[in-house]
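# Commentary on secondary and tertiary structure
Take a look at the letters that make up each chain.
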Amino acid sequence: MTATGAAVAASTGLTDEERLLQETVRDFATRELAPGAGERDEAERFERPLFERMAQLGFTAAPFPEEAGGAGFSYRAWTLVMEEVAYADMAMAITLSVHILSQYPVFACGTEEQRRRWLGPMLTGEALGAFGLTEPHAGSDASAIRTRALRIGVAGSPQAYRVTGSKIWISNAPDAERYLVFATVDPDAGSAGITAFLVEKGMPGFRLGRKERKMGIKACPAAELIFEAMEVPAENRLGAEGEGYRIALSALGEGRISIAAACTGLAQAALDAAARHLTERRAFGGPLSEQQGLRFMLAEMAQKVAAARALTRAAAEAKDRGEPIGEAASLAKWTASDAAMSVTTDAVQLFGGSGYSRELPVERMMRDAKGAQIYEGTNQIHRLIVAEQVLKRAAEAR
Amino acid sequence: MRIVVLLKAVPVVGTERLTSDLRTDRSGTLEANGADEYLLEAALKLAETSGAEVTLLTIGPAGATEALRKGLAMGAASAVHVADDQISGSDGTQTVELLAAALGRLEYELVFCGADSSDGGGGVVPAALAVRLGLPYLSYASQIEPAPDGSSVRIRRLNPTGYDVLEAPTPALVMGTQVLGEPRYPSLRGIMQARSKQVQTWTLADLGFEPSAVGAAAARTAVVSAERPPERGGATVIRDEPDAAVQQIVEFLATRRLL
């Protein structure tokens, strides 16, 4: 494994275990994920055996404590996994990120019984997870969800819920076995009615709808979830009624750091590819890397990657210290996804005609970057979250 | 069954450099020697199937701990690191003496090692070590099968028409090849578990060596000069659909009477 300059910069300040983790994931991603990434994208195909291989090595259990069946790594260490997987294959990184996202709330808010029953097969990767929040009428405004959960049984202590409605853009949906689904028990209560449910593939009344036709991360298929009076037993309710919104936001805080890390890895891959191209491609009697204008572009790309990584690590470290992560996660996700979009677009530009061709991976990287500015909170929503925190501090300081 | 795997820490492949006095520069990042990792994998498989206990043994600078940490994360039970500033510059004979002394302090039925290292590439240590220790030497193993009671070991060695079967009583030294199988990736849990595994560090004094007995000054061989290989030019790169590419390669070889 050849250590590039970028790789060395990315490993400073890490523990011995984190560096070995980074090296292991990089080695795996380079050898197992990168070679088929283009073909899987072209075929819009999720390859379960690759996910299972990652699970065997413990990627699916990485950021959970050992006593909960996890590998016991920090969240900062998790960002290293995401960076390296996304460097080779952004779609697989998002599959993995969503899988973790759908586990985190069960780990954080589930009962002992729910953790045992639900997390076991997800930590080992036998079951793939999906996170069902977004609806046709509720994207950024997640409190507006309409999927309805009606109580069945005694008031105050329902035996089950009958869930009706639909979800769209649910990543991993076509292949998943476990879904964390948000529905409202009281449509008039806004966010206070939202409740989280653990839904399994094959529950009567649950089926998949249309598969989304996406611009990027095509090897991470997304689909519509349709619930037609699906009966969910009360023991599958996660947290109390009305706690769902808080659960969703908390999970998304962690998920956004994970997405930020994936974007950093994707941007790094585009930067490295562009740098190699500039040294190899010759024009006007010398390598392109001698053109000052192109050097400026390359430097600005490197600046964006470094900023993305710094904010991502800072947010992960805040989480590891148990501090609030809302603002830090938004700053990281917004900065890193913008960096990925900008750096991959510049990489295509630096490659010229060959960059525009589907024969080379940079065009896929550019398509894969775009979605990250939209999912897990649009970058406009992240500006609102950051502004709110800034104004809150200003008010407190007066 | 106790297996000691000799695991050399070498400069990361592709970053090798010589120092001004023509010795391998080990000041940069080191990694486990690829050829040794095949043997580590074979040992770990035996640990899984027959409960063998695997110990890693390395001689090298402080940076060699990275290679040991990886080996422990892959599943080895413990490690021994022979480290002493005086060792730098030692030649193959001195390396063999040091390894023999270190092995003298360990209990084992089998010693495993790769055919050569990606940095020095001398390839003399396995056979010389077996001779020095008076152990049966089973080389170029493509498969390793110890007897269930550990009293003997049988290996297969590929030959042009099939394979030879070699058998020897233990303790014995086995040198193997990549045919043994690709080394595993460390698991994430293995990386965490490696933290609590024992790594013993032994100095020259621990092994009963005088500092003057090792190192460049006492080495019996020296590199007198080193040159870069000439650039290879004129490579023909064929980019085409598999069927068409195969046809072109066949034609290329046929015109040179290589087919």
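All values reported here derive from a predicted model rather than from experimental measurement. (Residues numbered from 1 in each chain as written. Chains lettered and ligands numbered in written order. Predicted model: local features only at pLDDT ≥ 70, side-chain atom pairs only at ≥ 80, totals over all residues. Heavy atoms only, no water.)

### Some points on helix 6 (residues 242–255) of chain B
Our working definition: Each helix is a run of DSSP H or I of at least 4 residues and each strand a run of E of at least 2, with the numbering of both proceeding from the N terminus. Under the convention used throughout, the expected extent of a helix is 1.5 Å for every residue step, that is, one less than its residue count.
The terminal C-alpha atoms of helix 6 of chain B, which comprises 14 residues, lie 20 Å apart, in line with the 20 Å expected from a rise of 1.5 Å per residue. Where helix 6 of chain B ends, the next residue or the one after it, Arg 257 of chain B, has phi of about 55 degrees, a positive value.

### Structural notes on the interface of chain B and chain A
So the rule is basically this: Residues are treated as being in contact if the distance between any of their heavy atoms lies within 4.5 Å. Once two parts are brought into contact, the accessible area they lose, counted with a 1.4 Å probe and summed over both, makes up the buried area. Think of a salt bridge as a Lys or Arg side-chain nitrogen and an Asp or Glu carboxyl oxygen that are within 4 Å of each other. Contacts described as polar in this section are N or O atom pairs within 3.5 Å, which, within protein, must combine one atom able to donate a hydrogen with one able to accept it, while residues neighboring in sequence count only if both atoms come from side chains. When residues are sorted by character, Ala, Val, Leu, Ile, Met, Phe, Trp, Tyr, Cys and Pro go into the nonpolar class, Asp, Glu, Lys and Arg into the charged class, and all the rest, Gly among them, into the polar class.
With 16 residues of chain B at the contact, the number on the chain A side is 26 residues. When residues of chain B are sorted by the area they lose upon contact with chain A, Tyr 185, Leu 188 and Met 192 of chain B head the list and together hold 41% of the total. Of the charged contacts in the structure, one is a salt bridge between Asp 16 of chain A and Arg 69 of chain B, with a shortest N-O distance of 2.9 Å. Remark: the boundary between chain B and chain A carries 7 residue pairs in polar contact (both at pLDDT 80 or more). Looking at the side of chain B that touches chain A, the elements that each hand over two or more residues are helix 2 (65–74) and helix 5 (188–193) of chain B. Its residues placed into classes, the side of chain B that touches chain A shows 8 nonpolar, 1 polar and 7 charged.

### A closer look at the confidence of the model for chain B
To be explicit about the condition: Confidence of the predictor in every single residue is expressed as pLDDT, which spans 0 to 100.
A residue-level look at chain B finds 100% of positions with pLDDT of 70 or above and a mean pLDDT of 94. Listed scores for the predicted complex are pTM 0.91 and ipTM 0.89.

### Topic: the pairing of strand 5 (residues 78–82) of chain B
All names here are of chain B. Test applied: Exposure categories follow from relative accessible area, calculated using a 1.4 Å probe and restricted to protein chains: below 20% of the type maximum is buried, above 50% is exposed, and the middle band is partly exposed. Here the term right-handed applies to a crossover when the path leading from its first strand over the helix to its second strand runs clockwise, the strands being oriented away from the viewer. When DSSP finds at least two bridges between two strands, those strands are taken to pair.
Of all 5 residues that make up strand 5, 5 are buried, and the element is covered over most of its length. Covered by surrounding structure in strand 5 are Ser 78, Val 80 and Val 82 together with Ala 79 and His 81, the residues of both alternating faces. Between the parallel pair strand 4 (residues 53–59) and strand 5, the chain is carried across by helix 2, and the sense of this crossover is right-handed. Bridging between strand 5 and strand 11 (residues 199–202) involves 4 bridges; their strand directions are parallel.

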